[in-house]
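Analysis of the macromolecular model
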Amino acid sequence: MTSWDPLGPFQPGAGGMPPYLAGREVEQGHFRALLSRLRDRGPLPAEVILYGPRGNGKTALLGWLESAAADVECVETLVLLPSEVPSAVRLSELVAPQSWWDRFTPEEVAGFGISWRPGKTGAPPAVDRILAARARRSPLLLIMDEAHTLDLAVGRALVNASQRVRQRHPFLLVLAGTPNIEGHLNAMGASFWSRSEQLRIGRLDGSATREALVRPFTAHGVPVAEAVVTEVERLSHGYPFFIQVLGDLLWKNAAPPGGPGRVTMGVLEAALPGFEDRKGHYYRQRYEELRKRELLQVARSVAAVFQSSGFLNHSEVEAAIRTGLGTTDAAAGRAAEGALSDLGFIWGTSPMPGWEPGIPSLMDYILEFAPAE
Ligand SMILES: Nc1ncnc2c1ncn2[C@@H]1O[C@H](COP(=O)(O)OP(=O)(O)O)[C@@H](O)[C@H]1O
Ligand SMILES: [Mg+2]
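Residues numbered from 1 in each chain as written. Chains lettered and ligands numbered in written order. Predicted model: local features only at pLDDT ≥ 70, side-chain atom pairs only at ≥ 80, totals over all residues.

**A look at the sheet that holds strand β5 (residues 197-200)**
Spatially, 5 strands are ordered β2-β3-β4-β1-β5 in an open sheet, and the strand pairing comes out parallel. Every interior strand has two partners, whereas the edge strands, β2 (76-80) and β5, have only one. Recorded for the sheet is a direction-independent mean angle of 15° between the axes of neighbouring strands. With 4 bridges connecting them, strand β1 (residues 48-51) and strand β4 (residues 171-177) associate as parallel partners. Across the sheet, residue L50 finds its bridge partner in β4, namely A176. (Pairing = 2+ DSSP bridges. Helix = DSSP H or I, 4+ residues; strand = E, 2+ residues; numbered from the N terminus. Axes fitted to C-alpha atoms, helices over the stretch in contact; angles between N-to-C directions.)

Here you go:
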């Protein structure tokens, strides 16, 4: 018996934990191994950085990591956002919260050589000393999402502390951000990016797209027609956000008494106007971002060359950018390329160097609506 919760299981919003986290088995397996290593107080090989364009599931994977860590004995988890840490002092305060101090007697704290208390005057200890003190007591996982927006001085303090603490104590730092996180971390100095371990979080492949859609329905005993699954693969391009939007609309259109209680092609047809609407609103926001940065012409020119291929090499994209900019100035070209990548309009491929569209159908939208001038 299916229970048709009117809200349904899908999570079509930023940061929403999907009902089934599909296609991240490799990353999950790797994180499980790192958590075991952390629990066993073994040395951690490197910091981990998740990067990829918006909407691909970085926050969802971090959410999974947080709950996986909660199941591992002894491991403590700290979750911080860049907006919470505008300064290095605030970083120290947050990694050593009041509750931490309450658990220690002043003598114990003094044993770490720490005499400062939050809220009192005087400079707090450097963040590496606090992290070392914590990690010495229990293995510590520190998760930070949106790290491409982290204040540079705070970031420098954090990554330096991580590299120092990790060598002697069970400590793991996991950062996530959009592709420009590489440039942002490089701007913090040191060779942090190249020494860290990077996990690319891109669109889902065909079989993961199917699982993301079908599993939540089958978990509720709702059958999904094969033709619908094929269409969802095509319409979503494996973009996780769109899979959730489509799943959500299919659920609502299949729900009795209005719907047939299973996901048929008729249900998909009924869901399509809603999907076009959601997608249109989403693309409208992407359009505005490009417009504000005066990148519409460049985006249009890049979109035009992507019509012939889903993959372009660097010189093809550079040529399209030059056409769109109307200049051969190399610095302007590089800046535009970086901005298109930051916005997730284009996504650097790996291991083959080149570019693919962040979301293929956004290219069509730009070709349709960006002024041709
Ligand atoms: N592996 C996945 N399988 C299915 N849906 C996912 C997956 N990862 C993310 N999603 C969904 O995609 C959308 C965007 O995910 P989110 O984690 O916010 O992306 P990001 O943080 O990269 O911008 C959300 O609706 C989320 O539920
Ligand atoms: Mg996110």
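**Comments concerning unusual backbone geometry**
The omega torsion of the bond from P256 to P257 falls at 10°, within 30 degrees of zero and hence cis. Tracing the sequence through the fold places P257 in the loop between α12 (240-254) and α13 (265-292). Within the chain, R41 stands out as a residue other than glycine whose phi angle is a positive 60°. Within the secondary structure layout, R41 lies in the loop between α1 (25-39) and β1. Accessibility expressed as a C-beta count within 10 Å gives 14 for R41, which makes it partly exposed. You will see that E294, though not glycine, has its phi angle at about 55°, which is positive. (Buried ≥ 20, exposed ≤ 12 C-beta atoms within 10 Å, placed from the backbone.)

**A look at the packing of helix α14 (residues 296-306) against helix α17 (residues 360-369)**
Packed helices, taken two at a time, are described by their axes: the angle between them and the distance between them. It is at 9 Å that the axes of α14 and α17 come closest, and there the two elements cross at 125°. Viewed along their axes, α14 and α17 adopt a mutual orientation that is oblique. Considering how the two elements wind past one another, α14 and α17 form a crossing that is left-handed. Residues A299, R300, A303, A304 and F306 of α14 form the contact with α17, whose participating residues are M363, I366 and L367. Within the contact of α14 with α17, the residues separate by chemical class into 7 nonpolar, no polar and 1 charged. (Parallel < 35°, antiparallel > 145°, perpendicular 65-115°, else oblique. Left-handed = near helix turned anticlockwise from the far one by under 90°. Contact = placed C-beta atoms within 7 Å. Nonpolar A, V, L, I, M, F, W, Y, C, P; charged D, E, K, R; others polar.)

**Points about the site of ligand 1**
Around ligand 1, 24 residues are found, and the nearest of them are P18, G57, T59, A60 and P240. Of all the elements, α12 adds the most residues to the shell around ligand 1, at 4 residues. Along the lines of polarity and charge, the residues of the shell around ligand 1 split into 10 nonpolar, 11 polar and 3 charged. Two domains each donate at least three residues to the shell around ligand 1, and these are domain 1 (25-200) and domain 2 (221-288). (Near = placed C-beta within 6 Å. Domains from an automatic or database assignment.)

**Looking at the pairing of β4**
Remark: a regular strand shows side chains that alternate across the two faces of the sheet. Within β4, 7 of the 7 residues are buried, which leaves it mostly tucked inside the rest of the structure. Neither face of β4 is open: one carries F171, L173, L175 and G177, the other L172, V174 and A176, and all of them are buried. Sheet topology note: the strand β3 (residues 140-144)/β4 ladder contains 5 bridges and is parallel. For M144, the partnering residue across the bridge sits in β4 and is L175.

**Structural notes on helix α2 (residues 58-70)**
Helix length check: α2 (13 residues) gives 19 Å between terminal C-alpha atoms against 18 Å at 1.5 Å per residue, within 8%. Turning to α2, its buried residues number three or more, namely K58, A60, L61, L62, L65 and A69. Buried-residue contacts for α2 involve α1, β1, β2, β3 and β4. (Expected span 1.5 Å × (residues − 1).)

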